[in-house]
Amino acid sequence: MTAVAERVAAPGAPREPSLRVRFGWAVTDTLTITRRNLLVWVRVPAYLVFTVIQPVMFVLLFRYVFGGAITVPGDVTYVNFLIPGIIAQTAAFATFGTAIALAQELKKGVIDRFRSMPMARSAVLAGRLVADTGRMLITILIIIGVGYAVGFHFTNGFVPAVAMVVLATGFGIAICCISAYTGLAIGDEESVQAFGLIWLFPLTFLSSAFVPISTMPGWLQAFANNQPVTYTVDAMRALALGGPVAASLWKSLVWLAGIFVVFLPLAVRAYRRAS
């Protein structure tokens, strides 16, 4: 934060800095907030461990408890069918940390102190999203490693595998925007956590993440077939294992773009109104 103070106190600093200078300050402030958020996980490694434990438990539970009772179409093994769904669920559930952390900082007055400082207004939200993206990417790579340990394999080549990880990360960032908005709008960490369970659990489980949608009741298939988690998981599965990818991929990207367009401005507006 010293750089922020020096920015104000620097002799001869222009009263109206140029757009390029303001952009540079915004990047610097964002990186500073990102570093601050990442230090929490470095100094409290148990937080990162607990973030990883839940998806690992889901992998083992579905692989060895439910996997024998679930059949999937074609010659795809259930573990190969499962891991892309687990990765998408992990990316979505990782956003709980975004909502809870913002609610905590709002309640403790940290956000008010940030807003009173001569720093870019965008840095708090951007720094949070960048830090959570890094945490999410590490968790996704760990889950892929666990998947390989229990029998999962990419069968479509290296580049599509990387594209699957990128898509999963983009999906998680989009859900982070929703979580950032709910964390700032609700402002209470317990309420935020309860609300996250209400909408995230149905959205991830009522999809193609864990079972073929054809096994669901007909009235439920209409919802499961036309929601962002299903499109994203189907695209990730096709990238990882091969098969038609274009239809599910463009629908997934349209959904993610729509989430960004709607919830990113809402999160910025909630941040400006937070007190």
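As the structure is a prediction and not an experimental result, all values here were calculated from the model. (Residues numbered from 1 in each chain as written. Predicted model: local features only at pLDDT ≥ 70, side-chain atom pairs only at ≥ 80, totals over all residues. Heavy atoms only, no water.)

Q: Break down the overall build of the chain for me, with residues and values.
A: Assigned secondary structure in the chain consists of 12 helices and zero strands. Seen in sequence order, the chain has helices and strands lined up from the N terminus as α-α-α-α-α-α-α-α-α-α-α-α. Against the compact-globule benchmark of 19 Å for 275 residues, the chain has a radius of gyration of 21 Å, which places it among compact chains. Overall size of the chain, expressed as C-alpha extent along the three principal axes, is 70 × 40 × 35 Å. With 275 residues in all, the chain has 47% of them scored as buried. Within the structure as shown, the chain displays about 13,600 Å² of accessible surface, and the carbon and sulfur contribution to it stands at 68%. In the chain, 20 side chains carry a positive charge and 11 a negative one; their mean positions are 5 Å apart. (Helix = DSSP H or I, 4+ residues; strand = E, 2+ residues; numbered from the N terminus. Rg over C-alpha atoms; globule rule 2.2 N^0.38 Å. Buried < 20%, exposed > 50% of the residue type's maximum accessible area, 1.4 Å probe, protein only. Areas by Shrake-Rupley, 256 points an atom, 1.4 Å probe, with all protein chains shown as cover. Lys, Arg positive; Asp, Glu negative; His and termini not counted. Charge placed at Lys NZ, Arg CZ, Asp CG, Glu CD.)

Q: Can you lay out a nonpolar patch on the surface for me, pointing to particular residues and giving the numbers?
A: Together, L60, L61, Y64, V65 and F66 give the surface a local cluster of nonpolar side chains, amounting to about 460 Å² of exposed area. As for its placement among the helices and strands, L60 is situated in helix 3 (residues 45-66). The class of L60 is partly exposed, set by a relative accessible area of 38%. (Patch = residues over 30% accessible without salt bridge, like charges linked within 9 Å, V, L, I, M, F, W, Y side chains within 5 Å. Salt bridge = Lys/Arg side-chain N within 4 Å of Asp/Glu carboxyl O.)

Q: Break down the pattern of salt bridges for me, citing the residues and quoting the values.
A: A complete count under the given rule lists six salt bridges for this structure. Across the pair R36 and E105 runs a salt bridge, and its minimum N-O distance is 2.8 Å. Of this pair, R36 sits in helix 2 (residues 19-43) while E105 sits in helix 5 (residues 96-108), placing them 69 residues apart in sequence. With its nearest N and O atoms 3.6 Å apart, the salt bridge here joins R135 to D132. Of this pair, R135 and D132 both sit in helix 7 (residues 122-149), three residues apart, which is roughly one turn of the helix. Grouping residues by exposure puts R135 and D132 together as buried. The structure contains a network of salt bridges with shared partners spanning R36, E105, R128, D132 and R135.

Q: I'd like to hear about the nonpolar core, residue by residue, with values.
A: Within the largest apolar cluster, 50 residues are counted, with the highest numbers of intra-cluster contacts made by Y78, I87, I140, M164 and F171. Secondary-structure elements contributing two or more residues to this core are helix 3, helix 4 (78-93), helix 7, helix 8 (158-186), helix 9 (189-205), helix 11 (228-241) and helix 12 (246-273). A per-element tally of this core places helix 4 first, with 11 residues. Setting aside anything within four residues of it in sequence, one finds I87 in contact with I140, I143, I144, M164, A168 and M236. (Core = buried A, V, L, I, M, F, W, Y, C linked by side-chain atoms within 4.5 Å. Contact = heavy atoms within 4.5 Å.)

Q: Describe the confidence of the model for the chain, listing the residues and the values that go with them.
A: On average, residues of the chain carry a pLDDT of 85, and 91% of them reach 70 or more. Model confidence for the chain, summarised as mean pLDDT per element, is weakest for helix 1 (residues 2-9) at 50 and strongest for helix 11 at 95. (pLDDT = per-residue confidence, 0-100.)

Q: Please give an account of the packing of aromatic side chains that cites residues and values.
A: Applying the stated criterion across every chain, the model contains 13 aromatic pairs. Taking 4.9 Å as the distance between ring centres and 25° as the angle between the ring planes, the aromatic pair formed by F205 and F210 counts as stacked. In this structure F210 comes out as buried when scored by relative accessible area, which is 3%. Three or more aromatic residues joined by ring pairs form one cluster here, namely F58, F62, F66, F93, F96, F201, F205 and F210. (Phe/Tyr/Trp six-rings, centres within 6.5 Å; stacked < 30°, edge-to-face > 60°.)

Q: Got a sec to walk through the environment of A163? Specific residues and values, please.
A: Examined against the element boundaries, A163 turns out to sit in helix 8. Sequence spacing of A163 and G127 is 36 residues, and the spatial spacing of their C-alpha atoms is 24 Å.

Q: Would you mind going over the side chain of T169 in detail, with residue names and values included?
A: Relative to the helices and strands, T169 resides in helix 8. Among the residues examined, T169 registers a relative accessible area of 10% and is labelled buried.

Q: Break down the side chain of D132 for me, citing the residues and quoting the values.
A: For D132, a relative accessible area of 1% corresponds to the buried category. Among residues more than four places away in sequence, those in contact with D132 are W41, T98 and C176.

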